[in-house]
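Here is what each chain is made of, one letter per residue.
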Amino acid sequence: MDERASDRSIDPDVMAREFVEHYCMTFNRNRAALGELYQEGSMLTFEGDKIQGAQAIVAKLASLPFQLHDIYNVDCCQDSDPQGGPQCGLLLSVSGAIQLAGENHQSKSMFSQMFILMPTHQGSYQVLNHIFRLFPLTAA
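This is a predicted model, so every value here is computed, not measured. (Residues numbered from 1 in each chain as written. Predicted model: local features only at pLDDT ≥ 70, side-chain atom pairs only at ≥ 80, totals over all residues. Heavy atoms only, no water.)

Asks: Would you mind going over helix H2 (residues 54–62) in detail, with residue names and values included?
Replies: All of the buried residues in H2 are Ala54, Ile57, Val58 and Leu61. Each buried residue of H2 lies within a common arc of 95 degrees when the element is viewed along its axis, so the set occupies one face. Where H2 is buried, its residues contact helix H1 (12–29), strand S1 (38–46) and strand S2 (49–52). (Buried < 20%, exposed > 50% of the residue type's maximum accessible area, 1.4 Å probe, protein only. Helix = DSSP H or I, 4+ residues; strand = E, 2+ residues; numbered from the N terminus. Arc of directions from axis to C-beta. Contact = heavy atoms within 4.5 Å.)

Asks: How would you summarise H1 if you had to cite specific residues and measurements?
Replies: Taking 1.5 Å per residue as the helical rise, H1 with its 18 residues ought to reach 26 Å, and the 26 Å between its terminal C-alpha atoms agrees with that figure. For H1, the complete set of buried residues consists of Met15, Ala16, Phe19, Val20, Tyr23, Cys24, Thr26 and Phe27. Seen from one end, H1 has its buried residues packed into an arc of 165 degrees, which puts them on one side. One side-chain oxygen of the residue at the start of H1 lies 2.9 Å from the amide nitrogen of aspartate 13, identifying that residue as aspartate 11. (Expected span 1.5 Å × (residues − 1). Polar contact = N/O pair within 3.5 Å; in protein donor to acceptor, adjacent residues only side chain to side chain.)

Asks: Before we move on, can you summarise the nonpolar core with the specific residues and values?
Replies: Residues Tyr23 and Tyr38 are the most contacted members of the largest nonpolar core, which totals 34 residues. Only H1, S1, H2, strand S3 (68–80), strand S4 (87–98), strand S5 (109–119) and strand S6 (125–135) provide two or more residues apiece to this core. Top element by residues in this core is H1. It accounts for 7 residues. Non-local contacts of tyrosine 23, meaning those with residues more than four positions away in its chain, are made with Leu34, Leu37, Tyr38, Leu61, Leu68, Gln113, Phe115 and His130. (Core = buried A, V, L, I, M, F, W, Y, C linked by side-chain atoms within 4.5 Å.)

Asks: Summarise the pairing of S2; cite the residues concerned and give the values.
Replies: Of the pairings in the sheet, the one linking S1 to S2 comprises 4 bridges and is antiparallel in character. Each residue of the ladder has a partner; that of threonine 45, found in S2, is lysine 50. Adjacent in sequence and paired antiparallel, S1 and S2 are bridged by 2 residues, among which glutamate 47 carries a positive phi angle near 55 degrees. (Pairing = 2+ DSSP bridges.)

In structure tokens, the structure reads:
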């Protein structure tokens, strides 16, 4: 993400969409580069398994046998200090579809993920928490 976290004039929905586009492109092309979005205190909850720390999170993401394909929705809530202080972070909810290894090209599985993004001192965002849940297709 660029250095716009501290710019309150930027629409949080635009920031959320830009983050998700960047995240998905990086996930699909070079998962190791996702490490810059996480910190050692970051937590990924993937299908109920909790993984903490940038290095462990990237290792988990690198092991996944799919790419993020279709993003259907990105919703965002901006969190701010109730005392009137600076923006505290963004909560993103993302839904979409992926093709799992072994699925034919006509069928995809749905997924949902949430991110809590916190502004850094450098003016960008880092992922504090990331939750991913897969919803496999069921036979009709």
